[in-house]
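What the coordinates show
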Amino acid sequence: MKKVSQENQDLSIKSLESTLNKLSNAYNSMTEKGANTTLVKKRRNAVKIGLESLKDTWGRGEFFFDEENILTSKDILQGIMPSIEKEIAKAKEGSPQRTLNERRLTAIKLAIESLENRLK
């Protein structure tokens, strides 16, 4: 995996933790309402596995997922990227929303790279 600065490591981990928290809250809320949670559950699990992979890559945790989970997570994370790119394109330059989504996109790209490295 390419060299990533300590600052970008910290920002990426914080971004994925925030995304995981947001998806967990959405899952819980949707479950209470009886809504279909399939997509949110898949995304939540993919972000969790991507986060764990990055933490392990950077010496901040351990990784215990099998190849099937890695492949599924990688595909789901790749599927999330276009919607984040659209949000970045819509947001004003320098806005907090744009910064948040740029960091989220960077974190997801790094997580995908980390997961791909596990498949080699």
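First, a word on scope: everything that follows refers to the structure included in this document.

Cut-offs and rules
- Residues numbered from 1 in each chain as written.
- Predicted model: local features only at pLDDT ≥ 70, side-chain atom pairs only at ≥ 80, totals over all residues.
- Heavy atoms only, no water.
- Core = buried A, V, L, I, M, F, W, Y, C linked by side-chain atoms within 4.5 Å.
- Buried < 20%, exposed > 50% of the residue type's maximum accessible area, 1.4 Å probe, protein only.
- Helix = DSSP H or I, 4+ residues; strand = E, 2+ residues; numbered from the N terminus.
- Contact = heavy atoms within 4.5 Å.
- Salt bridge = Lys/Arg side-chain N within 4 Å of Asp/Glu carboxyl O.
- Expected span 1.5 Å × (residues − 1).

**A closer look at the nonpolar core**
In terms of nonpolar packing, the biggest core is built from 28 residues, with Leu16, Leu77 and Ile108 touching the most fellow members. Looking at this core, the elements with two or more residues in it are α1 (6-33), α2 (38-57), α3 (67-90) and α4 (96-118). If we ignore the near neighbours within four places in the chain, the residues touching leucine 16 are Val47, Gly50, Leu51, Leu54, Ala107, Ile108 and Ala111.

**A look at the pattern of salt bridges**
All chains considered together, the criterion is met by seven salt bridges. Taking the shortest distance from any N to any O, the salt bridge between arginine 60 and aspartate 10 comes out at 2.7 Å. With arginine 60 in the loop between α2 and α3 and aspartate 10 in helix α1, this residue pair connects regions lying 50 residues apart in the sequence. Here arginine 98 makes a salt bridge to glutamate 102, at a shortest N to O gap of 3.0 Å. Taken together, the residues arginine 98 and glutamate 102, both in helix α4 and four residues apart, mark about one turn of the helix. Judged by relative accessible area, glutamate 102 falls into the partly exposed class, the value being 33%.

**Notes on α1**
With 28 residues, α1 ought to run about 40 Å at 1.5 Å a step, and its terminal C-alpha atoms sit 41 Å apart, in line with that. Residues Gln9, Ser12, Ile13, Ser15, Leu16, Thr19, Leu20, Leu23 and Tyr27 constitute the buried set of α1. The secondary structure elements touched by the buried residues of α1 are α2 and α4. Taken from the residues just after α1, glycine 34 is the one with a positive phi, measuring 80°.

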